[in-house]
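As a plain string of letters, each chain reads:
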Amino acid sequence: MNLTLAIIKPDATGSGAVGRIVAHLEATGFTVRSLRMLTMTTQQARSFYAVHRERPFYDSLVSFMTSGPCIPIVLEAPDAVMRLRQTIGATDPAEAAEGTVRRLYAESRERNAIHGSDSDDNARREIGFFFTEAELAR
Ligand code: IDP
Ligand code: MG
């Protein structure tokens with residue numbers, strides 16, 4: 001699939017990194033197809049990250065993701081999912097490769113600046129979580 005979902009997380013919207021992160025994504029070859037800004041409710045964040053509900057970091061993650069505004073972005077490129085995962089880097093910025101978004105802008109394993117879908121199926125689900133068909137049409 002040529003679409004994936006990124007989310008600029010509350011640490012990065014709060015630290016003035018939004019413009020630089022979007023510029024980095026565009027410079028990497030992605031086209032922005034749609035974006036919006038919202039502060040997620042606890043229910044939204046719990047649902048978005050439901051796959052992690054048994055993990056020890058789940059409650060803290062939900063609290064972080066609802067602590068400020070997020071910017072979900074639908075990105076288009078060939079092999080979008082894999083390309084975005086390479087562009088954002090490893091979950092922990094200390095382990096993320098040089099030049100990746102998390103290496104450049106993330107604070108910690110939790111406050112790691114950006115989300116990227118990890119499969120085509122999850123990209124479809126996650127895009128649908130934030131955007132209607134009409135918002136993707138052009
Ligand atoms: P990913 O975002 O690199 O795909 P996941 O394992 O899917 O990483 O975890 C989802 C999010 O949960 C991470 O981006 C990060 O914000 C948070 N997270 C993951 N592992 C930990 C942890 O060990 N401690 C605290 N937060 C974590
Ligand atoms: Mg993940």
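Residues numbered from 1 in each chain as written. Chains lettered and ligands numbered in written order. Predicted model: local features only at pLDDT ≥ 70, side-chain atom pairs only at ≥ 80, totals over all residues. Heavy atoms only, no water.

**Q** Can you help me understand the overall build of the protein chain in this one?
**A** Each helix and strand in the protein chain was counted, giving 8 helices and 4 strands. Traced from its N-terminal end to its C-terminal end, the protein chain shows the element sequence β-α-α-β-α-α-β-α-α-β-α-α. Relative to its length of 138 residues, the protein chain is compact, with a C-alpha radius of gyration of 14 Å against a globular reference of 14 Å. By principal-axis analysis of the C-alpha atoms, the protein chain measures approximately 40 × 35 × 25 Å. Looking at the protein chain residue by residue over its 138 residues, the buried ones come to 45%. Counting only contacts in the protein chain whose residues sit at least 6 apart along the sequence, the fraction spanning at least 24 positions is 77%. When the accessible area of the protein chain is evaluated, it comes to approximately 6900 Å², of which 49% is carbon and sulfur surface. Each charge class in the protein chain was averaged separately, 16 positive and 17 negative side chains, and the resulting centres sit 1 Å apart. (Helix = DSSP H or I, 4+ residues; strand = E, 2+ residues; numbered from the N terminus. Rg over C-alpha atoms; globule rule 2.2 N^0.38 Å. Buried < 20%, exposed > 50% of the residue type's maximum accessible area, 1.4 Å probe, protein only. Contact = heavy atoms within 4.5 Å. Areas by Shrake-Rupley, 256 points an atom, 1.4 Å probe, with all protein chains shown as cover. Lys, Arg positive; Asp, Glu negative; His and termini not counted. Charge placed at Lys NZ, Arg CZ, Asp CG, Glu CD.)

**Q** Could you clarify how one ought to interpret the site of ligand 1 in this entry?
**A** Every residue close to ligand 1 is listed here: Lys-9, Tyr-49, His-52, Phe-57, Leu-61, Arg-85, Thr-91, Arg-102, Arg-109, Glu-110 and Asn-112. Here Thr-91 contributes a side-chain N or O atom positioned 2.5 Å from an oxygen atom of ligand 1. When ligand 1 sits alone it has 530 Å² of accessible area, and the protein chains cover 82% of it. (Near = heavy atom within 4 Å. Polar contact = N/O pair within 3.5 Å; in protein donor to acceptor, adjacent residues only side chain to side chain.)

**Q** I tried to follow helix α2 (residues 18–27) on my own but got confused; where do I start?
**A** Listed as buried for α2 are Ile-21, Val-22, His-24 and Leu-25. All buried residues of α2 project into a common sector of 155 degrees when viewed along the axis, lining one side. Exposed and facing more than 90 degrees away from the buried side of α2 are Gly-19 and Ala-27. Among the residues trailing α2, Gly-29 stands out with phi positive, at a value near 115 degrees. (Arc of directions from axis to C-beta.)

**Q** Hey, could you run me through the pairing of strand β1 (residues 3–8) in this one?
**A** In summary, the side chains of a regular strand alternate between the two faces of the sheet. The buried fraction of β1 is high, at 6 of 6 residues. Across the two faces of β1 the burial is the same, with Leu-3, Leu-5 and Ile-7 and Thr-4, Ala-6 and Ile-8 all buried. Note that β1 and strand β4 (residues 114–116) share 3 bridges and pair antiparallel. Looking at β4, one finds that Ile-7 is bridged to His-115. (Pairing = 2+ DSSP bridges.)

**Q** Would you mind going over the sheet that holds strand β3 (residues 71–76) with me for this structure?
**A** Sheet strands pair via backbone hydrogen bonds, and the direction of the pair is either parallel or antiparallel. Taken in spatial order, the 4 strands make up an open sheet running β2-β3-β1-β4, and their pairing is antiparallel. Bordering the open sheet on either side are β2 (31–35) and β4, each of which pairs with just one other strand. Averaged over all pairs of adjacent strands, the angle between their axes in this sheet comes to 30 degrees, without regard to strand direction. The strands that helix α7 (residues 120–130) touches are β1, β3 and β4; relative to β1, the one it contacts most, it runs at about 55 degrees. (Axes fitted to C-alpha atoms, helices over the stretch in contact; angles between N-to-C directions.)

In short, geometric facts, not functional conclusions.
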